[in-house]
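Overview (structure and organization)
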Amino acid sequence: MSETTSANSVGLVSPQTAKCTTSFTFANGGVLSSHELVYETYGELNSAGDNAVLICHALSGSHHAAGFHSEDDRRPGWWDLAIGPGKPIDTERLFVVCSNNLGCCDGSSGPNTLNPETGTPWGGGFPQPQVKDWVRSQKWLAEYLGISRWAAVIGGSLGGMQALQWAIDFPHWVENCVALAAAPGLTAQNIAFNEIARHAILSDPDWHEGDYLAEGTLPTRGVALARMVGHLTYMSADGMSDRFGRELREGSFAPGDNAEWVFQVESYLRHQGSRFSTQFDANTYVLMTRALDLFDLAADHEGDLIAALSNAQANFLVASFSSDWRFPPQRSIEIRDALIAAGKPVTYANIETDNGHDGFLLPNPHYEQLLGEWMRRVGPS
Amino acid sequence: MSRLDLKTVLSWITPGSRVLDLGCGDGAFLARLRDERDVHGIGVDIDPENLIASVSKGLDVVQEDINDGLHCFTTNGFDVVVLAHALQELTHPHIALQRMVDIGDEAIVSFPNFGHWLCRAHLGLKGRMPMSRAMPLQWYDTPNIHFCTVKDFESLCSELEIDIIERATIAGPAQALLGKWFPNLFASSAIYRIRRAGS
């Protein structure tokens, strides 16, 4: 049996496009007279409409969360681990929606799509989105799909922050909220790493002030470097030691050998960077990292996270990953403590793992069991 | 928690209370409180397997080390804070007790009584640390690092300005009354309802 037809896969899936013809105004003031959102769904929406679950993707994620796009597709969606028949987010019970955020580069309106008013790519002219803009645009999508309430909004990393924003901005829409490896806002160190990534892109000679598509180029060197730095922050030191150690891919440690040395870890990072640099749009990377920088759950409540969360109506699952230093457990604990202080139902776990920030995407028996058991309270019983 | 402990604790909890269960284990007790007493509970446990077991019962549970001070819980956040048979496992039982009566309007604590005559006989006659069915582990390999007696506990409560509202004792079948009259000698374990003095 091929992977695309295995029993616990959602199998072959096709992205769909929702066209919004009313104008959308971003928090920062930019306006789109119309826009498109690309999304995928798995499972069936029941007649009561109470089994819909929204998945929010992370920085470099997309609407393709599970399943395969073709029989020859070797890589399933980015969260196939968790979504499928009998999996923690069980598509036999739940109707799962995942959309590509506005301003991203996988099909939704964004810097690499055409500005309908000029007929040329938006490039650097696409408005800066914020997390709360994505929440509003997803609410439009929900209504378009005939959904009036999410049984759960779920995400990891940036997606987890988006799930929390949903619970705050539209409390009656969110029955359950899952925030994995998230944070209530970015630290100076987080912003610094994002700035290094942006600096790499903006200093690439092929950047052309963001209008590289019009110039027929791609700032691949800048994007590759941005990804290498980013990717490094998703892994833990122990995890990297276990996986790569000090092993050489090329050259040797033999005395007198002065060939080009390439450590396994170098080769891995270069591969990650170069693959990403042709697949991911540079403007989107700049916009997404900036959206992260601007994210602050408590911003509208004078920095009071408890006050920010006090209107939420959801049950919360907050989980962190022990070796995550991008958004370390302490950041999830801040969310947890504010939820407890606000009197909200919350379950919190710190998953023991060497997988670092990427822990929320990778297999781990405790993590998968916990998520699966918690998800049983989501949707009609 | 033994069935007898459980019965006592259940009878002390007002239906509809907000309960914090420290060291909630697999969540069986909290689930029972929810089902029989309509309690809104939250559990605390450090062990991932216990966490999963509690979550599978539909409970809310927070992974946290009680020894870290329970700072996530605010003063007067709960009606009752329960610590069942885990006092002796804590690094600083006195700090935990203080926190419990701060967090909860009331607290319920149970522990095995090290002053029980069998323990005394074991130590006095054999000259060895007591081991029994209830305490099956060797002294060097036990999570129980802070055993106390009924008298010790009551004296600590007085030192910490904690009021004892009620005490129940568990003793062998033939010793129920002895356990009640001479708890320090005959109670195999003791259960207390406590609160901050003057509250």
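Now for a quick tour of the structure. (Residues numbered from 1 in each chain as written. Chains lettered and ligands numbered in written order. Predicted model: local features only at pLDDT ≥ 70, side-chain atom pairs only at ≥ 80, totals over all residues.)

1. As for the environment of K132(A)
Residues and elements named next belong to chain A. On the secondary structure map, K132 appears in helix α1 (residues 131–144). When the C-alpha positions of K132 and Q165 are compared, they lie 6.5 Å apart, and in sequence the two are 33 residues distant. Those residues in contact with K132 that sit more than four places away from it in its chain are A27, Q165 and D169. (Helix = DSSP H or I, 4+ residues; strand = E, 2+ residues; numbered from the N terminus. Contact = placed C-beta atoms within 7 Å.)

2. Describing the pairing of strand β4 (residues 78–84) of chain B
All names here are of chain B. Among the seven residues that make up β4, six are buried, leaving the element largely enclosed by the rest of the structure. Sheet topology note: the β4/strand β5 (residues 104–112) ladder contains six bridges and is parallel. Bridge assignment links L83 to a residue of β5, and that residue is V109. Taking the sense of rotation as the criterion, the β-α-β connection linking β4, helix α4 (residues 93–103) and β5 turns out right-handed. (Buried ≥ 20, exposed ≤ 12 C-beta atoms within 10 Å, placed from the backbone. Pairing = 2+ DSSP bridges. Right-handed = clockwise from strand over helix to strand, strands pointing away.)

3. So, the interface of chain B and chain A
Taken together, the contacts link 13 residues of chain B with 17 residues of chain A. Sorting the residues of the side of chain B that touches chain A by element identifies α3 (48–56) and β3 (60–63) of chain B as the ones contributing at least two each. Per element, the largest residue contribution to the side of chain B that touches chain A is five residues, and it comes from α3(B). Taken together, the residues of the side of chain B that touches chain A sort by class into eight nonpolar, four polar and one charged. (Nonpolar A, V, L, I, M, F, W, Y, C, P; charged D, E, K, R; others polar.)

4. A look at the nonpolar core
All names here are of chain A. Residues V53, V153 and C177 are the most contacted members of the largest nonpolar core, which totals 162 residues. In terms of domain composition, this core takes at least three residues from each of domain 1 (3–185 + 295–375) and domain 2 (194–288). Ignoring sequence-local partners within four residues, the contact set of C177 consists of A152, V153, A163, L164, W166, A167, A314 and F316. (Core = buried A, V, L, I, M, F, W, Y, C linked by C-beta atoms within 7 Å. Domains from an automatic or database assignment.)

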